[in-house]
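# Geometric and topological summary
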Amino acid sequence: MRVINRTSAALLTIAGVVSVMRIANFHFYSVQSDDDMMDHESSQAGPALLTLFTTFKEIKIIGHHKFAQKLVLTNWPLFRPYVRPVLFLNYTNSKVARRARAAGWDVLRINRSNSAGTPYLKDMYMTAFQRYDSAFYGFANGDLLFDDGLLKTLEAVKRVANGLDNNIMITGRRTNVCVNLSDSRWTRDSFTVDKLHTIAIRNGSLIPAWAIDYFFFSKEGCSMNWSSLVDIVIGRPAYDSYFVAMARRSAVNVIDCTKSLLAVHISQKGIETHGGLNSDSGFNAKLIGDFKHLDGYPTSASLATNVDFEGNIFVIRRHSIV
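Now for a description of the structure that goes with this document. Within every chain, residues take consecutive numbers counted from 1 along the sequence as written. Restriction of local features to residues with pLDDT of at least 70 applies here, the model being predicted, together with a cutoff of 80 or more for giving and counting side-chain atom pairs; totals for whole chains, interfaces and linings are based on all residues. By convention in this description, side-chain values take in all heavy atoms of the structure and omit both hydrogens and water.

## Structural notes on the nonpolar core
Here, nonpolar core refers to any group of buried Ala, Val, Leu, Ile, Met, Phe, Trp, Tyr and Cys residues whose side-chain atoms link them within 4.5 Å. Here's how the labels work: a residue is buried when its accessible area is under 20% of the maximum for its type, exposed when over 50%, partly exposed in between, all with a 1.4 Å probe on protein chains only. Phe-146 and Phe-191 are the most contacted members of the largest nonpolar core, which has 53 residues in total. Helix and strand assignments follow DSSP, with helices taken as H or I runs no shorter than four residues and strands as E runs no shorter than two, numbered in order from the N terminus. Broken down by element, this core gets its largest block of residues, five residues, from helix α2 (residues 63–75). Counting residues in hydrophobic clusters, the runner-up holds 36 residues, among them Leu-108, Ile-234, Ala-245 and Met-246.

## What to know about the sheet that holds strand β10 (residues 204–206)
The four strands are arranged β7-β13-β9-β10 in an open sheet whose pairing can be described as mixed. At either end of the open sheet lies a strand with only one pairing partner, and these are β7 (144–146) and β10. Each strand axis lies, on average, 35 degrees off the axis of its neighbour in the sheet, ignoring direction. Two strands pair under a simple rule: DSSP has to find at least two bridges between them. To define axes, lines are fitted to C-alpha atoms, for helices over the stretch in contact only, and angles between the resulting N-to-C directions are given on a 0 to 180 degree scale.

## Let's talk about the pattern of salt bridges
Think of a salt bridge as a Lys or Arg side-chain nitrogen and an Asp or Glu carboxyl oxygen that are within 4 Å of each other. This model, assessed by the stated rule, comprises eight salt bridges. Between Asp-148 and Lys-152 there is a salt bridge whose closest N-O contact spans 3.5 Å. Its relative accessible area of 33% is what places Asp-148 among the partly exposed residues. Here Glu-155 and Arg-159 are joined by a salt bridge, their closest N and O atoms 3.5 Å apart. With Glu-155 and Arg-159 both in helix α5 (residues 149–159) and four residues apart, the pair spans about one turn of that helix. Assessed through its relative accessible area of 40%, Arg-159 is described here as partly exposed. One salt-bridge network, held together by shared partners, links Arg-112, Asp-123 and Asp-231.

## Examining the pairing of strand β4 (residues 83–89)
Of all the seven residues making up β4, seven are buried; the element is thus mostly covered by neighbouring parts of the structure. Both faces of β4 are covered, namely the face carrying Val-83, Pro-85, Leu-87 and Leu-89 and the face carrying Arg-84, Val-86 and Phe-88. Pairing geometry for strand β3 (residues 48–55) and β4, over six bridges, is parallel. Each bridged residue has a counterpart across the sheet, and for Thr-54 the counterpart in β4 is Leu-87. Orient the strands so they point away from the viewer, and a crossover whose first-strand-to-second-strand path over the helix runs clockwise is right-handed. Taken together, β3, α2 and β4 form a β-α-β motif whose crossover is right-handed. Relative to strand β5 (residues 106–109), β4 runs parallel, the two being bridged by four bridges. Each residue of the ladder has a partner; that of Leu-87, found in β5, is Val-107. A crossover links β4 with its parallel partner β5, the connecting element being helix α3 (residues 95–103), and its sense is right-handed.

So, in structure tokens, the structure goes:
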């Protein structure tokens, strides 16, 4: 597949680079309102575009994380049935678990965790692969909010999947929005799906490429060598860039979807990431050892999404690594 220029962005298909195919007007997607969402049962029939899973901290939760959890519990189910939200917890009969089920989530027990209680990432993927049927499977941090760019990006990538041998990883950079919980202007209503884009522009900042919060894989056709991964845990330094770099080393087509997929991270003022503040902050780095983490930055991916002035999303091959 040859490189395409910036002015004639084209989709990747089975035949290679072809003329532009527009991916716009996603009228078949009906994102639910926050009011409607609570009426759905947690069970969901049929394959989804994405099985999207995460976990929540269940003890010693700071106010910032409680606020983020409440937002995420209502945000992710808005994209059903195209996205199936799954929550891994240690206590599946807890108040959080009951609220999640009522909101439309599947709740599963964490299989394994390290001595600090942080779950192993690979186990979550293996469970999702075995239990669910979807085009893509992925972990995202439990404090990320999405708008309809999630669905549009997934569909754009799905349309070119055959041309990439269905060997795909979707990732990208997040946008931090700092929330001051003592300011009454910050409420759950501030973060509804229709307001996310505006709040990201006004109050957000695109985080540097070293912090990555979502990783979506195809299953059939994916060349990811899962057995080669060390047993990294979620949300601790070094796991993210290592994970993406290992996908690239396994010849997976990594797509940087930063330009089309808005991922809003609920941040605390003065703290870009909380992972380094935990007692097991060095767990992953010790396991991984000496490693070229730059290879795992989304900016190192040879493929990326782009959006034209009409809002159409394209998958393109980059001219150079930026």
